[in-house]
Amino acid sequence: MAGYIISLDSHISLRMYVEHGVYATKLNPPNRYWRPHHEATFADYVTMRPEDNVYFFIRRKIYGIGELVAVTGEGGLGACHFLNFTGANSPINFPYPSVAHQLLWDEGPESVNQRWVCFFRPSPHFFQNGVDMDDVLASNPTRFKMLRAFWKVSFVKVDDEENQALKDIILRVNEKALIRPTGVTFTSCFRRYQSEIEGILNQSYMLEPSQLLVACSREDFLTHEMALEAGLLYQLHKKDPSTIQVFGEWDYLSHQVIASPFKPVDYMDRMDIFGYAYVPGFFPTKSKFLVVEIKKDFAQENDIDQVMKYVDWVKDEYCSGDYSMIKAFMVAYDFSKDVIKRADKVGRRTYTIGHRPARSGEWSDLKLVKYTFDQQTGLLRFYEISTT
């Protein structure tokens, strides 16, 4: 399972969120349009799943452990993430009195900019003894990737291996508290609060991206790459049939994932979308990996080289040299003939894996995919094009 490390400004906030079993990111006002960091936060929310873990980061220390839970509303509706109020995906500065009666989570007037919420419970506890970031990173250096680049964001998603490494160190440090938790763990009344929420929830609170995408669309074209990224993640997460037909099904999905050796964070390469699938029935054994590079308008020749750079990184970092485990996609509004030729020329790799006998193969699993946006349905449509 994945994990989410959430940055907070104080222990007062930590106690409040843990007590209620809810978290909502505080955003800057949109002022009539969404900015990339707003859309990136939405993209983080859409891939949340029940049983993913939750941690909080305050002043160098990490506190945990929580677990996202599904809250059920009207008509059997259930999810671990929702809009905080009806229309929250519109880039409008809502007056607090106009939405106060709708809020799932209300911290006062600033809650008009807490657009999205998620619900969680202690699992097994949120320990009062936080673990210093240096101790976390030193506990299992090879497992921590995204945590090392946790910078200038409200929260970060980590994969199941990094998540397990984080759970390991927190549980080891707090082993005595597992036996006698009273007085050394945060109290939580999450069941009571989430039961109240169940009486409010209806279809209008469902987390879906159509309003967010419409806000940056021009006919069938999106003007923001981060919005396109969020829309694709949503449709993959929800297993939209036409999207799955092009990209396949994936058990883990994330975005803006580190794809370079460690260096100053602002200069790190990041994959637009990264994911993997498990061998069916054998979690956590991974069988294949997803790499997606996204361009909102026409792709350029150097974009092909960039996605192949990410393919090479994933081959070394995750696949032990086996290219056959990777499926790569270049998504754009359109492709010129030169870009298609470039993909056919450089989108291939020869490789050798195994011992006694060694096995050689050729990889050519880079697909070019055009997108359009349907304003009527609020969905993205994807069309694979031939490179030969």
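Residues numbered from 1 in each chain as written. Predicted model: local features only at pLDDT ≥ 70, side-chain atom pairs only at ≥ 80, totals over all residues. Heavy atoms only, no water.

Undergrad: What exactly am I supposed to notice about the sheet that holds strand S13 (residues 252-258) here?
TA: Each strand in a sheet pairs with its neighbour through backbone hydrogen bonds, running either in the same direction (parallel) or in the opposite one (antiparallel). Strand order across the open sheet formed by 6 strands is S13-S14-S15-S16-S19-S20, with mixed pairing between neighbours. A strand with exactly one partner marks an edge of an open sheet, and here the two such strands are S13 and strand S20 (379-385). Each neighbouring strand pair of the sheet contributes to a mean axis angle of 30 degrees, computed without reference to strand direction. Looking at chain direction, strand S14 (residues 270-278) and strand S15 (residues 286-294) are connected through 6 bridges and run antiparallel. Across the sheet, residue Tyr278 finds its bridge partner in S15, namely Lys286. (Pairing = 2+ DSSP bridges. Helix = DSSP H or I, 4+ residues; strand = E, 2+ residues; numbered from the N terminus. Axes fitted to C-alpha atoms, helices over the stretch in contact; angles between N-to-C directions.)

Undergrad: Explanation requested: the packing of aromatic side chains in the structure shown.
TA: By convention here, two paired aromatic rings are described through the distance between centres and the angle between planes. One pass over the structure, following the stated rule, counts 31 aromatic pairs. A ring pair is formed by Trp34 and Trp116, whose centres lie 5.9 Å apart and whose planes are at 40 degrees; its orientation type is tilted. One end of the pair, Trp34, is in the loop between strand S2 (22-24) and helix H2 (36-46); the other, Trp116, is in strand S8 (residues 116-122), and 82 residues separate them in sequence. Trp116 carries the same exposure label as Trp34, and that label is buried. With 5.3 Å between their ring centres and 80 degrees between their planes, Phe221 and Tyr333 make a pair best called edge-to-face. Here the residue Phe221 occupies a position in strand S12 (residues 221-222), and Tyr333 occupies one in the loop between strand S16 (326-332) and helix H12 (337-346), the gap between them amounting to 112 residues. Above the face of the Tyr252 ring, Lys157 is positioned so that its terminal group lies 4.9 Å from the ring centre. (Phe/Tyr/Trp six-rings, centres within 6.5 Å; stacked < 30°, edge-to-face > 60°. Buried < 20%, exposed > 50% of the residue type's maximum accessible area, 1.4 Å probe, protein only. Lys NZ or Arg CZ within 6 Å of the ring centre and 35° of its normal.)

Undergrad: Can you help me understand helix H5 (residues 160-173) in this one?
TA: Residues spaced three or four apart along an α-helix face the same direction, because each turn holds 3.6 residues. Given a rise of 1.5 Å per residue, 14 residues ought to cover 20 Å, and the 20 Å separating the end C-alpha atoms of H5 matches this to within 8%. Within H5, the full set of buried residues consists of Asp160, Glu162, Asn163, Ala165, Leu166, Lys167, Ile169 and Ile170. Sitting at the amino-terminal end of H5 is Asp159, which places a side-chain oxygen 3.2 Å from the backbone nitrogen of Glu161. (Expected span 1.5 Å × (residues − 1). Polar contact = N/O pair within 3.5 Å; in protein donor to acceptor, adjacent residues only side chain to side chain.)

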